[in-house]
Amino acid sequence: MADPVTTAATMMDPAGLKAIGAGIAVGLTGLASGLAERDIGSAAIGAMAENESLFGKGLILTVIPETIVIFGLVVALLIS
């Protein structure tokens, strides 16, 4: 009878592990970007409610966390 630990270890496919790593890289950066953008967006809306001339700065600060997802995508492409 085969040992279950060695059987599971021989069934791990390197391509599958790369795909899991790439998915984790994009997924976690997307989550982190969403959390950061939530806080920045609410602060920007509060600032624009008091002073409408802050729209441009609020928009730029809201877009900055989205670059984190681009870095995660680059890492995922380098993994695979």
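Our subject is the structure that appears above.
Before going into details, it helps to say that this report is about the structure given with it. Fair warning: this is a prediction, and the values are worked out from it, not measured in the lab.

Comments concerning a nonpolar patch on the surface
A surface patch of nonpolar side chains, about 630 Å² in accessible area, is lined by Met12, Leu17, Ile20, Ile24, Leu28 and Leu31. In this fold, methionine 12 is placed in the loop between α1 (4-10) and α2 (14-50).

Looking at the side chain of threonine 62
Positionally, threonine 62 belongs in helix α3 (residues 55-63). Classification of threonine 62 as buried rests on a relative accessible area of 18%. Within the local environment of threonine 62, its side chain forms a polar contact with the backbone oxygen of glycine 58, the two atoms lying 2.6 Å apart.

A look at the packing of α2 against α3
The relative placement of two packed helices comes down to the angle between their axes together with the axis-to-axis distance. Contact geometry for α2 and α3: axes closest at 9 Å, N-to-C directions at 175 degrees. One way to sum up the angle between α2 and α3 is to call them roughly antiparallel. Of the residues in α3, those in contact with Glu37, Ile40, Gly41, Ala44 and Met48 of α2 are Phe55, Gly58, Leu61 and Thr62. Classifying every residue of the contact of α2 with α3 gives five nonpolar, three polar and one charged.

What to know about the side chain of threonine 29
With respect to the secondary-structure elements, threonine 29 resides in helix α2. Setting aside residues up to four positions removed in sequence, threonine 29 forms contacts with Ile68, Val69 and Gly72.

Regarding the environment of threonine 29
The exposure class assigned to threonine 29 is buried, which follows from its relative accessible area of 18%. In this structure the C-alpha to C-alpha distance between threonine 29 and valine 69, which are 40 residues apart in sequence, comes to 5.2 Å.

About the cut-offs
- Residues numbered from 1 in each chain as written.
- Predicted model: local features only at pLDDT ≥ 70, side-chain atom pairs only at ≥ 80, totals over all residues.
- Heavy atoms only, no water.
- Patch = residues over 30% accessible without salt bridge, like charges linked within 9 Å, V, L, I, M, F, W, Y side chains within 5 Å.
- Areas by Shrake-Rupley, 256 points an atom, 1.4 Å probe, with all protein chains shown as cover.
- Salt bridge = Lys/Arg side-chain N within 4 Å of Asp/Glu carboxyl O.
- Helix = DSSP H or I, 4+ residues; strand = E, 2+ residues; numbered from the N terminus.
- Buried < 20%, exposed > 50% of the residue type's maximum accessible area, 1.4 Å probe, protein only.
- Polar contact = N/O pair within 3.5 Å; in protein donor to acceptor, adjacent residues only side chain to side chain.
- Axes fitted to C-alpha atoms, helices over the stretch in contact; angles between N-to-C directions.
- Parallel < 35°, antiparallel > 145°, perpendicular 65-115°, else oblique.
- Contact = heavy atoms within 4.5 Å.
- Nonpolar A, V, L, I, M, F, W, Y, C, P; charged D, E, K, R; others polar.

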